[in-house]
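Chains, contacts and geometry: an overview
One-letter residues, chain by chain:
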Amino acid sequence: MILGVDVGGTFTDAVLLADGELRTAKVPTAERQEESVVAAARAVGAERVERFTHGTTVATNALLERRGARTALVTTGGFEHVLHLRRQTRAHLYRLCAAHPEPLVPLDRCVGVDERLGPGGVIRPLDLASLPQLDAEAVAVCLLFSFRDPSHERAVAAEVRRRLPHAHVVASHEVAPEFREYERASTAAADAYLGPVVARYLGALAAACRGAGLPEPLVLRSSGGVATLDEVAAHPATALVSGPAGGAVGAALLARAAGFPRAISLDMGGTSTDVCLVEDGRAGRAAERDVGGFPIRLPTVDIETVGAGGGSVVWRDAGGALRVGPESAGAWPGPACYGRGGERPTVTDANLLLGRLPQRLAGGLELDRAAAERAFAGADPADAVAAVNAEMLRALRLVSVERGHDPREFALVAFGGAGPLHACELADELEVRTVLVPAAAGVLSALGLVATEQRRDHVRSYLVPLREAGRLPEEGEADLRYRGQAFELAVPLGPRLEERFHRAHEERYGYADRGREVELVAVRTADVVAGPELTLPAASPAEVAGPAVLELDGATAWIPPGWAGVRDGTGTWTLTREP
Amino acid sequence: MTIELQVLASALRAVAEEMGAVLIRSAFSANIKERRDCSAAIFDEEGRTVAQAEHIPVHLGAMPEAVAAVAAHDPAPGEAWIVNDPYTGGTHLPDVTLVTRTELGFAATRAHHADVGGAEPGSMPARSTRLDEEGVVIPPTRLDAAAVDALVARMRNPEERRGDLRAQLAAQRLGERRIAELCARRGRPRVAAAMRELQAYSERRVRAGIAALPDGRYEAADVLEAPEGDLEVRVAVTVRGDELELDFAGTSPQHEGNLNCPLAVTRSACLFVVRCLTDPDVPASGGASAPVTIRAPEGSLVNARPPAAVAGGNVETSGRIVDCLFRAFGRAVEVPAQGQGTMNNVTLGNDGFTYYETIGGGQGACPHADGPSGVHVTMSNTLNTPVEALELAYPLRVERYALRLGSGGSGRTRGGDGVVRELRVLEPCRASVIAERRAHAPQGERGGAAGAPGRTLLNGEELPAKATFDLAAGDVLRIETPGGGGFGVSGARGGGGRARPPAGG
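Here we summarise the structure given alongside this text. Just so it is clear, the structure is predicted and the values come from calculations on it, not from any experiment. (Residues numbered from 1 in each chain as written. Chains lettered and ligands numbered in written order. Predicted model: local features only at pLDDT ≥ 70, side-chain atom pairs only at ≥ 80, totals over all residues. Heavy atoms only, no water.)

1. Overview of the overall build of chain A
Scanning chain A for helices and strands turns up 14 helices and 32 strands. Computed over C-alpha atoms, the radius of gyration of chain A comes to 25 Å, within 12% of the 25 Å expected from 2.2 N^0.38 for 579 residues, which places it in the range of a compact globule. The C-alpha extent of chain A, read off along each of the three principal axes, is 75 × 60 × 55 Å. A buried classification covers 60% of the 579 residues belonging to chain A. A separation threshold of at least 6 residues defines the contact pool for chain A, and within that pool the share at least 24 residues apart is 65%. For chain A, the computed accessible surface area is about 21,900 Å², with 49% contributed by carbon and sulfur atoms. Counting 61 positive and 76 negative side-chain charges, chain A places the averaged centre of each group 3 Å from the other. (Helix = DSSP H or I, 4+ residues; strand = E, 2+ residues; numbered from the N terminus. Rg over C-alpha atoms; globule rule 2.2 N^0.38 Å. Buried < 20%, exposed > 50% of the residue type's maximum accessible area, 1.4 Å probe, protein only. Contact = heavy atoms within 4.5 Å. Areas by Shrake-Rupley, 256 points an atom, 1.4 Å probe, with all protein chains shown as cover. Lys, Arg positive; Asp, Glu negative; His and termini not counted. Charge placed at Lys NZ, Arg CZ, Asp CG, Glu CD.)

2. A word on the overall build of chain B
In terms of regular secondary structure, chain B is built from 9 helices and 19 strands. Rg of the C-alpha trace for chain B: 22 Å, near the compact-globule value of 23 Å for 505 residues, within the 12% margin. If one aligns the C-alpha atoms of chain B with their principal axes, the spans along those axes are about 60 × 55 × 40 Å. Looking at chain B as a whole, 67% of its 505 residues are labelled buried.

3. Quick word on the packing of aromatic side chains
What characterises a pair of aromatic rings is the spacing of the ring centres plus the angle enclosed by the ring planes. Tallied over the entire structure, the rule returns 6 aromatic pairs over all chains. Here the aromatic rings of B:Phe353 and B:Tyr394 are separated by 6.1 Å at their centres, their planes lie at 55°, and the arrangement is tilted. Residue B:Phe353 is located in the loop between strand S11 (345-349) and strand S12 (354-357), and its partner B:Tyr394 is located in the loop between helix H9 (387-393) and strand S13 (396-404); the two are separated by 41 residues in the primary sequence. Since its relative accessible area comes to 13%, B:Tyr394 is described here as buried. Grouping aromatic residues by their ring pairs yields a cluster made of A:Phe145, A:Phe147 and A:Phe179. Positioned above the aromatic ring of B:Phe28 is the side chain of A:Arg516, whose terminal nitrogen or guanidinium carbon lies 4.1 Å from the ring centre. In this structure, B:Arg101 packs its charged tip against the face of B:Phe106, placed 4.8 Å from the ring centre. (Phe/Tyr/Trp six-rings, centres within 6.5 Å; stacked < 30°, edge-to-face > 60°. Lys NZ or Arg CZ within 6 Å of the ring centre and 35° of its normal.)

4. Thoughts on the state of the cysteines
Taken as a whole and judged by the stated rule, the model has 1 disulfide over all chains. Note on cysteine connectivity: A:Cys97 is disulfide-linked to B:Cys366, with sulfurs 2.1 Å apart. Judged by the sign of its S-S torsion, about 85°, the bond between A:Cys97 and B:Cys366 is right-handed. Here the residue A:Cys97 occupies a position in the loop between helix H3 (82-85) and strand S6 (110-118), and B:Cys366 occupies one in the loop between S12 and H9, the pair thus bridging two chains. Grouping residues by exposure puts A:Cys97 and B:Cys366 together as buried. Here A:Cys110 is not disulfide-linked; the sulfur of A:Cys142 is the nearest cysteine sulfur, at 11 Å. (Disulfide = S-S within 2.5 Å.)

5. Regarding helix H14 (residues 497-509) of chain A
End to end, H14(A) covers 18 Å across 13 residues, agreeing with the expected 18 Å (1.5 Å per residue, within 8%). Those residues of H14(A) not exposed but buried are A:Leu497, A:Glu498, A:Phe501, A:His502, A:His505 and A:Tyr509. Buried residues of H14(A) fall within an arc of 145° about the axis and therefore sit on the same side. Looking at the buried residues of H14(A), the elements they touch are strand S25 (477-482), strand S26 (489-492) and strand S27 (518-529) of chain A together with helix H1 (3-26) and helix H5 (158-186) of chain B. A:Gly510, located one to two residues past H14(A), shows a positive phi value of around 90°. (Expected span 1.5 Å × (residues − 1). Arc of directions from axis to C-beta.)

6. As for the sheet that holds strand S19 (residues 476-480) of chain B
With antiparallel pairing, 5 strands are arranged side by side in an open sheet as S13-S14-S19-S16-S17 (chain B). Unpaired on one side and paired on the other, S13 and strand S17 (461-462) of chain B mark the two borders of the sheet. (Pairing = 2+ DSSP bridges.)

7. So, the pattern of salt bridges
As enumerated under the stated definition, the model contains 80 salt bridges over all chains in all. Salt-bridge contacts for A:Glu499 lead to A:Arg514; the nearest nitrogen and oxygen are separated by 2.9 Å. In this pair, A:Glu499 sits in helix H14 while A:Arg514 sits in the loop between H14 and S27, placing the two residues 15 residues apart along the sequence. For A:Glu499, a relative accessible area of 22% puts it in the partly exposed group. Across the pair B:Arg188 and B:Glu103 runs a salt bridge whose closest N-O atoms are separated by 3.8 Å. Here B:Arg188 is found in helix H6 (residues 188-211), whereas its partner B:Glu103 is found in the loop between strand S4 (95-102) and strand S5 (105-112), with 85 residues between them in sequence. (Salt bridge = Lys/Arg side-chain N within 4 Å of Asp/Glu carboxyl O.)

8. With respect to unusual backbone geometry
Here the bond from A:Gly325 into A:Pro326 is cis, since omega is 0°, no more than 30 degrees from zero. Turning to its location among the elements, A:Pro326 is positioned in strand S21 (residues 322-328). Going from B:Pro306 to B:Pro307, the amide bond is cis rather than trans, its omega being 5°. Mapping B:Pro307 onto the fold places it in the loop between strand S10 (292-295) and helix H8 (311-329). Non-glycine residue A:Leu463 carries a positive phi angle of around 55°.

9. Points about the nonpolar core
Of all hydrophobic cores here, the largest spans 79 residues; its most connected members are A:Leu412 and A:Val435. Within the second largest apolar cluster, 61 residues are counted, among which are A:Val44, A:Ala62, A:Ala188 and A:Phe294. (Core = buried A, V, L, I, M, F, W, Y, C linked by side-chain atoms within 4.5 Å.)

10. Focus on the side chain of A:Asp479
Residues and elements named next belong to chain A. Tracing the sequence through the fold places aspartate 479 in strand S25. According to the relative accessible area criterion, aspartate 479 is buried, its value standing at 5%. Filtering out sequence-adjacent residues up to four positions away, aspartate 479 remains in contact with Glu178, Arg297, Glu488, Leu489, Ala490, Glu519, Leu520, Val521, Ala522 and Arg524.

11. Some words on the interface of chain A and chain B
The interface of chain A with chain B comprises 67 residues on the first partner and 81 residues on the second. Summing the contributions of chain A and of chain B, the shared interface buries around 6,300 Å²; its carbon and sulfur component is 55%. By the criterion of area lost to chain B, the three top residues of chain A are A:Gln88, A:Arg90 and A:Tyr94, representing 14% of everything that side buries. Our enumeration of links across chain A and chain B arrives at 9 salt bridges. Between chain A and chain B we count 28 residue pairs in polar contact (both at pLDDT 80 or more) in total. Broken down by secondary-structure element, the contributors of at least two residues to the side of chain A that touches chain B are H3, S6, helix H6 (181-211), S21, helix H11 (381-399), helix H12 (419-430) and H14 of chain A. (Buried area = accessible area lost by both parts, 1.4 Å probe. Polar contact = N/O pair within 3.5 Å; in protein donor to acceptor, adjacent residues only side chain to side chain.)

12. Things to note about the side chain of B:Ser39
Residue and element names in this part refer to chain B. As for its position among the elements, serine 39 is in strand S1 (residues 38-43). In terms of polar contacts, serine 39 uses its side chain to reach the side chain of histidine 59, at 3.0 Å. In this structure, serine 39 is in contact with Leu23, Gln52, Ala53, His55, Ile56, His59, Met63, Ala108, Thr109 and Arg110, ignoring residues within four places of it in sequence.

13. Some points on the environment of B:Val50
Here B:Val50 lies in strand S2 (residues 49-53). Among residues more than four places away in sequence, those in contact with B:Val50 are B:Leu12, B:Ile42, B:Phe43, B:Asp44, B:Met195, B:Leu198, B:Gln199 and B:Ser285.

14. Quick word on H5(B)
Because each turn of an α-helix spans 3.6 residues, side chains separated by three or four positions in sequence point in the same direction. Here H5(B) spans 42 Å end to end across 29 residues, near enough to the 42 Å set by a 1.5 Å rise per residue. Following H5(B) by one or two positions, B:Gly187 adopts a phi angle in the positive range, close to 95°.

15. Considering the environment of B:Asp132
All names here are of chain B. Structurally, the position occupied by aspartate 132 is in the loop between S5 and strand S6 (141-142). The exposure class assigned to aspartate 132 is partly exposed, which follows from its relative accessible area of 46%. Note: C-alpha distance between aspartate 132 and arginine 35 (97 residues apart in sequence) is 26 Å.

16. Some thoughts on the pairing of strand S31 (residues 563-567) of chain A
All names here are of chain A. For strand S28 (residues 542-545) and S31, the ladder comprises 4 bridges, and the chain directions are antiparallel. In the strand pairing of S31, valine 544 is matched with glycine 565. Counted between consecutive antiparallel strands, the loop separating S31 from strand S32 (residues 573-577) contains 5 residues, among which glycine 571 sits at a positive phi close to 90°.

17. Notes on the sheet that holds S12(B)
Residues and elements named next belong to chain B. Sheet architecture is open: 4 strands sit in the order S12-S11-S15-S18, paired in antiparallel fashion. With one partner strand each, in any of the chains shown, S12 and strand S18 (466-471) form the two edges of the open sheet. Neighbouring strand axes in the sheet, compared pairwise and without regard to direction, differ in orientation by 10° on average. (Axes fitted to C-alpha atoms, helices over the stretch in contact; angles between N-to-C directions.)

Structure follows, in structure tokens:
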């Protein structure tokens, strides 16, 4: 038996795969996530589980809710304020006092140590005696140029560990050995800050699993690969995008199984929507992501998030334009049509009024059409759907067109509670011909978990001309740029690397400059142990022609006129526009 | 607005943003790629802004002039045109603008190039008196391979210039392609209608914001620290219903230095303040400026005539215009206290390199929030250059980069703190510093205390606000940027502001 449990903000989903049979369950997420995990496992009837994988929002929530440890930062003397200076930009161009989130380490716990490395080596030797006393549960160490020479940073971290044996200590070169001190310090600070909280959770989770007769779970990291509890506890910032990563991995898996190695995932939930490009059957990856206003320089599934989903409130601004979100009706009171006192119109209300939702949801909730009508007060619900679709389109274009990919060569994988309601219209806008909707559209993230590979990422900083880089690994990615540029393009390692960089640059930016020197910035590799082969349970074939509403497990699909679909042997609907 | 036009408008905004992203990601000089001192925009057939990727406010209102200057030459589709002449569409010489025709209107990109020739490396001389000392003056010119060769040959680091122009050109081509795709898919008339509607939409929102301001006439004045003595910026603001008139009568005449502004820069500063006070989220289309009338006497600091030098006008006078306007509006409504009021422009260079940076400081306190520390406060929002990126690329070492704790003014809410940045040069080179608020501190609002004025020190010796000088290997240039003013009387605070941490570091 293989078990996947994905903890979300409102629900915890479990997927159990046993003897070709797929069982799913949804339980409300409790205050203590480990209880929800065990409850969901029980609900799906898990026993004698061989492999157990888990997606968690514990790290993300602790960061966003500022529940991390009392953290200190040690930097090169003279650069103690690196987290507070950020990159000098203000939070909003025209709201002059709009504030960035407070740094995770307050000024009085940011201290310097006497030492200095430069591009050419040691400028001032390390004086460990200059390190002040620290009062902290967690400590991040980020010294200038440690990505080139980690010796000073290593020595400082060892000294801190000696002085504070119970503190969680992170040296920046361990997590993000790459140049640009602010982004590296931000990553190390978040990793230290989250350490104690995430370790406590993972400890409680391990105990709860033992108590329930479950094996110790593997935890999904932002990179889309799973790792052991100990590995994640050592560097919890690697799990900051654990939740959304499961959906992207699930979408990649489903698209590959349906014969579409190139796809775009569309995971539309109640308050937000995640989209991700899938190439060669794998979710795209990025080297950095902003989480809660902090740059996190760690490998992550390359997801774009839009602050609009099914529960998003529809409103009209001072210029008369119809807007959707970011405010959401949430789970309570929820959309007006839930009949729990919500009075403002939402995307879900619009879908109901347009006849795209059944009178009664799969969970048994009766929808109140009159309440939805009152909320819209005569406004056209089709306009609301068009407005939210415009938001989604921006994200879909960003991951495809703006990264040099033609969306017409991709299938759209729609899931989450609301994704399949909007997918066909979005496909029309992008001229995408195929929309895939999984039978388990409501729990695809958990399904993705059961099949994830085990993965350990490595990055090595180079900053040398590519010609002088010497022998490179055969698998992985190289971050390359023209000497003098600041942004790199990731090119898969292998023969004719330089020429493939020129081509990638041309594809992305419209020109290549074969006369310019190509610089190797970093090489990213990974130790990967493949996940289990997944055989989706058999389903009976079926067909549908639009206009039609399809009720799925935890979601509803809208098939507009002109679209038709067939269900394959694994329950996946392939929807296409009729010629 | 109909939903179809709204969807198209969103697509048009995406075109400008994508152009901006391509420019930044494929550029070569630190000033564009790390600091993002650039903008990209698309325009309608009449040359009005439709949408702009916003990185730098000073580019906001100034780009249409460049498009108008090029449009007068009736550019053919496929041609790229270049301009930087402040008196025909530019702002100051390092801001180089490319303009191309699209299927429907124009696309333009503007980037601050690290050097455009002239007497001093970096083309930001502190003591220039005529425009032609500041660099190569480019009137609207068709940009072909020969023109690129001829232009970059007159600038320092020609290969870097060529790379940056190429990045701009890539963004232009992308804009053309995207507009053509939109027209093919949606039909030209519909895209044109969406462009018109975007103008009208911004105008409605800004008018609604102006109507909320109390009618009346409000005046203010402030000063600039020119080498020969203080210069004055004066403004009278008239709010009448949903329209505004901003009159700069009484402002000092243009001077022998380079604090002069072409009208385009003054217009940008005015639109910046209007946007802050009316509707900070309004799309940056030309319609936003329709309810605003600007009167700037010709031959004054805020509407200079050739051949006046302008290097400092764009970066420093623009900020003072903002300070002055806020102070005038402050007679009618609560406005933020003054921020650092300078960009602390530092240019270093020799035959081997040119490096330009601007340094953030304290933002003035707002009525209900402390001013942020270590940021650009008005017409700029450039990023810093990371210490590691800077030292890998230039013969420079950063000795210290820290908040200047305690430099923000006290008050019910506090002004933000300035910054201390020390640069050691490792080779002999020339340096220019253009700064302000060295003698006159940023003022508080409604009883808040002033921020600390800034200081520029060479090996510990204080320098004037504007200085060009030689540096020997090992010399240390230290810039202490001003703090922002406070808002309201201290002690009367209701717990809205943050506690001040102990000074350290």
